[in-house]
Amino acid sequence: MNTNYQFTLKNETTQTDYELSTLCGTVGPDVLDMQTLYQRTGMFAYDPGFTSTASCKSKITYIDGDAGILMYRGYPIEELAEHCTFLEVCHLLLTGELPDQTQLHKFTDDIIHHTLLHDQLTNFFKGFRRDAHPMAIMVGVVGALSAFYHDALDIRSKEDRDMCAIRIIAKIPTIVAMSYKYSIGLPFMYPRNDLSYVENFMRMMLGNPCEEYRPNPVLVRALDRILILHADHEQNASTSTVRLAGSSGANPYACVTSGIVCLWGPAHGGANEAVLNMLLEIGSVDNIDRYIKKAKDKSDPFRLMGFGHRVYKNFDPRAKLIRDTCYEVLDALNLHDDPLFKLALELERIALEDPYFVEKKLYPNVDFYSGIVLKALGIPSNMFTAMFAMGRSVGWIAHWDEMISDPNQKIGRPRQLYIGEPQRAVKPLASRG
Ligand code: CMC
């Protein structure tokens with residue numbers, strides 16, 4: 001990494017100049033190196049929401065939000081979605097390279113042989129109310145993995161970290177499917193080793209022990225693609241949460257759980273469920289104008305869910321790919337006239353022509369169409385965010401691994417601008433008030 005050019009920060013009061021240099025990555029904007037700012041100036045940088053802050057160096061994912069570009073390890077998302085399976089993408093994110101045949105065989109074999117949960121873990125589900133949100137169950141059960149695999153885990157050992165990554169990728173689909181089965185009172189389906197990753201998940205989720213389950217290959221491909229598109233997204237809120245939790249040396253299963261917690265919110269992964277609920281609430285094309293007005297009204301908390309992104313100020317490339325997948329799935333199921341899809345297309349068209357959305361560069365994001373595809377696959381809407389978590393787990397663990405492997409890694413510890421009371425004395429109780 002080269003040092004590029006110098007910036008001078010001038011303190012007008014003391015007439016002191018501080019030189020700050022820039023660092024440049026392989027592609028993308030340079031960053032101002034602030035590491036010694038406090039030490040040299042006695043000041044912190046103030047950046048709530050981290051809109052201007054690079055929190056780390058990373059080799060995993062690159063986004064150019066203005067150009068609508070997303071790449072995993074240098075490969076454009078469009079090419080990965082067309083030519084690779086989710087497990088190939090997992091290998092890529094974790095190791096930096098797409099697997100060859102032998103590597104893929106070994107990786108797949110490792111995943112397949114870790115899909116089962118410790119049988120005692122199944123007791124955890126029974127502790128939840130049947131109507132618990134599946135994300136709440138995920139938080140509990142994925143967190144509990146830390147109580148089952150802690151002995152054999154030395155986070156300084158690459159071998160142990162790799163095993164942890166395998167376990168996360170292998171077991172999360174089983175946990176997602178069990179959360180669903182528990183919520184509807186049906187028996188858990190155990191994994192089957194002769195099926196592909198996605199086929200196995202669909203059977204655990206949608207099959208039952210009374211009959212053979214044969215998933216439609218178009219739907220298998222669609223779900224595989226959804227997982228690829230959700231697999232990583234550089235320093236998003238949940239990944240940053242996993243990194244921050246992991247920076248203290250905490251157990252990685254617990255760190256991944258912190259990612260699940262963060263993902264749950266409607267501004268992040270919870271948006272896919274919120275989009276479907278919003279489309280159902282809008283109900284008909286005739287009501288779109290009313291909801292667009294609500295979204296633009298600053299006194300109304302309503303936002304057009306599935307629209308807008310912190311980084312993409314152009315079309316989210318994942319949204320384009322999911323829209324194509326949506327067409328494929330609805331065709332395969334003979335649902336071209338699906339009213340929800342028609343409503344979504346019309347809402348998108350109207351919003352993209354509205355000056356409010358145009359000026360603020362609010363485009364459909366990954367969540368806008370994913371819910372329609374998942375619904376067509378037979379996945380209920382309260383499971384959508386858990387599906388997102390299933391795809392994103394690999395990104396979380398890849399970032400955690402990258403962070404722990406960095407010899408210069410430090411605990412994450414932001415500072416603040418204190419705006420509370422200055423120092424004051426405690427009065428005796430009788431003289432307060
Ligand atoms: N509907 C209406 N107005 C919006 C929307 C929206 N969906 N998104 C942003 N705006 C307005 C917002 O009111 C603000 O207006 P003003 O400048 O007049 O105050 C402006 O656009 C900028 O919004 P912001 O909230 O400051 O932008 P942000 O980068 O902090 O937030 C976001 C990004 C994704 C949280 C936001 O666009 C949003 O809430 N979208 C809806 C929820 C959603 O779809 N989330 C999924 C994100 S993609 C997948 C993921 O990350 O998990």
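Residues numbered from 1 in each chain as written. Predicted model: local features only at pLDDT ≥ 70, side-chain atom pairs only at ≥ 80, totals over all residues. Heavy atoms only, no water.

*Asks:* Please give an account of the site of the ligand that cites residues and values.
*Replies:* As a structural note, the neighbourhood of the ligand is formed by 22 residues, with His268, Lys298, Leu304, Arg310 and Lys360 the closest of them. Take histidine 268: an N or O atom from its side chain is 2.6 Å from an oxygen atom of the ligand. In the model, an oxygen atom of the ligand is placed 2.8 Å from a nitrogen or oxygen of the arginine 303 side chain. Contact with the protein chains removes 74% of the 930 Å² of surface that the ligand exposes when unbound. In the shell around the ligand, the residues fall into 11 nonpolar, 6 polar and 5 charged. (Near = heavy atom within 4 Å. Polar contact = N/O pair within 3.5 Å; in protein donor to acceptor, adjacent residues only side chain to side chain. Areas by Shrake-Rupley, 256 points an atom, 1.4 Å probe, with all protein chains shown as cover. Nonpolar A, V, L, I, M, F, W, Y, C, P; charged D, E, K, R; others polar.)

*Asks:* Describe the packing of helix H3 (residues 86–95) against helix H18 (residues 384–405), listing the residues and the values that go with them.
*Replies:* Across the interface, H3 lies against H18 with an axial gap of 9 Å and an inter-helix angle of 20°. Classified by the angle their axes make, H3 and H18 are roughly parallel. In terms of crossing hand, the pair formed by H3 and H18 is right-handed. In contact with Phe86, Cys90, Leu93 and Leu94 of H3, H18 contributes Met390, Gly391, Val394, Ile397 and Ala398. For the contact of H3 with H18, the residue count by class is 8 nonpolar, 1 polar and no charged. (Axes fitted to C-alpha atoms, helices over the stretch in contact; angles between N-to-C directions. Helix = DSSP H or I, 4+ residues; strand = E, 2+ residues; numbered from the N terminus. Parallel < 35°, antiparallel > 145°, perpendicular 65-115°, else oblique. Left-handed = near helix turned anticlockwise from the far one by under 90°. Contact = heavy atoms within 4.5 Å.)

*Asks:* If you had to explain the packing of aromatic side chains to someone new, which residues and values would you point to?
*Replies:* Aromatic rings in a pair are described by how distant their centres are and how their planes are angled relative to each other. Scanning the model with the defined rule gives 13 aromatic pairs in all. In textbook terms, an aromatic cluster arises when at least three aromatic residues are bridged by ring pairs, as seen for Phe307, Tyr327, Phe341, Tyr356, Phe357, Phe368 and Tyr369. Geometry around tyrosine 182 places arginine 130 over its ring, the cationic atom sitting 4.2 Å from the centre. (Phe/Tyr/Trp six-rings, centres within 6.5 Å; stacked < 30°, edge-to-face > 60°. Lys NZ or Arg CZ within 6 Å of the ring centre and 35° of its normal.)

*Asks:* Account for helix H11 (residues 252–263), with residues named and values stated.
*Replies:* A rise of 1.5 Å per residue sets the reference length of H11, with its 12 residues, at 16 Å; its end C-alpha atoms lie 16 Å apart and thus fit the reference within 8%. Most of H11 is tucked away: 9 of the 12 residues are buried. Taken residue by residue, H11 has Pro252, Tyr253, Cys255, Val256, Thr257, Ser258, Gly259, Ile260 and Leu263 as its buried positions. Looking at the buried positions of H11, the neighbouring elements they touch are helix H6 (134–148), helix H7 (158–184), helix H10 (237–246) and H18. Measuring from the backbone nitrogen of tyrosine 253 back to the side-chain oxygen at the start of H11 gives 2.8 Å, which picks out asparagine 251 as the cap. (Expected span 1.5 Å × (residues − 1). Buried < 20%, exposed > 50% of the residue type's maximum accessible area, 1.4 Å probe, protein only.)

*Asks:* Kindly report on the pairing of strand S5 (residues 69–72), identifying the contributing residues and their values.
*Replies:* Here strand S4 (residues 61–64) pairs with S5 via 4 bridges, running antiparallel. Bridged to threonine 61 within S5 is tyrosine 72. What sits between S4 and S5 in their antiparallel hairpin is a turn of 4 residues, with glycine 68 showing a positive phi close to 70°. As defined by bridge partners, S5 adjoins strand S6 (residues 75–76) across 2 bridges and the pair is classed as antiparallel. Counterpart to methionine 71 in the pairing with S6 is proline 76. (Pairing = 2+ DSSP bridges.)

*Asks:* So what's going on with the packing of H7 against H18? Residues and values would help.
*Replies:* Taken N-terminus to C-terminus, the directions of H7 and H18 make an angle of 170°; their axes are 9 Å apart at the nearest point. By the criterion of interaxial angle, the relationship of H7 to H18 is roughly antiparallel. Taking contact as the criterion, the partners of Lys158, Arg161, Cys164, Ala165, Ile168, Ile169, Ile172, Pro173 and Val176 in H7 are, on H18, Ala386, Met387, Met390, Ser393, Val394, Ile397, Trp400, Asp401, Ile404 and Ser405. For the contact of H7 with H18, the class distribution of residues is 14 nonpolar, 2 polar and 3 charged.

*Asks:* Requested: an account of a nonpolar patch on the surface, with residues and values cited.
*Replies:* A cluster of nonpolar side chains, Tyr5, Phe7, Leu32 and Met34, forms an exposed patch at the surface whose accessible area comes to about 360 Å². Relative to the helices and strands, methionine 34 resides in the loop between strand S3 (31–32) and helix H1 (37–41). According to the relative accessible area criterion, methionine 34 is partly exposed, its value standing at 33%. (Patch = residues over 30% accessible without salt bridge, like charges linked within 9 Å, V, L, I, M, F, W, Y side chains within 5 Å. Salt bridge = Lys/Arg side-chain N within 4 Å of Asp/Glu carboxyl O.)

*Asks:* So what's going on with the side chain of glutamate 402? Residues and values would help.
*Replies:* When you line up the elements, glutamate 402 lands in helix H18. Accessibility expressed as a relative area gives 18% for glutamate 402, which makes it buried. Here serine 58 takes part through its side chain, which lies 2.6 Å from a polar atom of the side chain of glutamate 402. Other than its neighbours up to four places away in sequence, glutamate 402 contacts Lys57, Ser58, Lys59, Ile60 and Arg243.

*Asks:* Hey, could you go over the nonpolar core for me, with residue numbers and the actual values?
*Replies:* In terms of nonpolar packing, the biggest core is built from 121 residues, with Tyr72, Met138 and Leu304 touching the most fellow members. Look past the residues within four positions of methionine 138 in its chain and what remains in contact with it is Gly143, Ile172, Ile175, Val176, Ser179, Ile260, Ala386 and Ala389. (Core = buried A, V, L, I, M, F, W, Y, C linked by side-chain atoms within 4.5 Å.)

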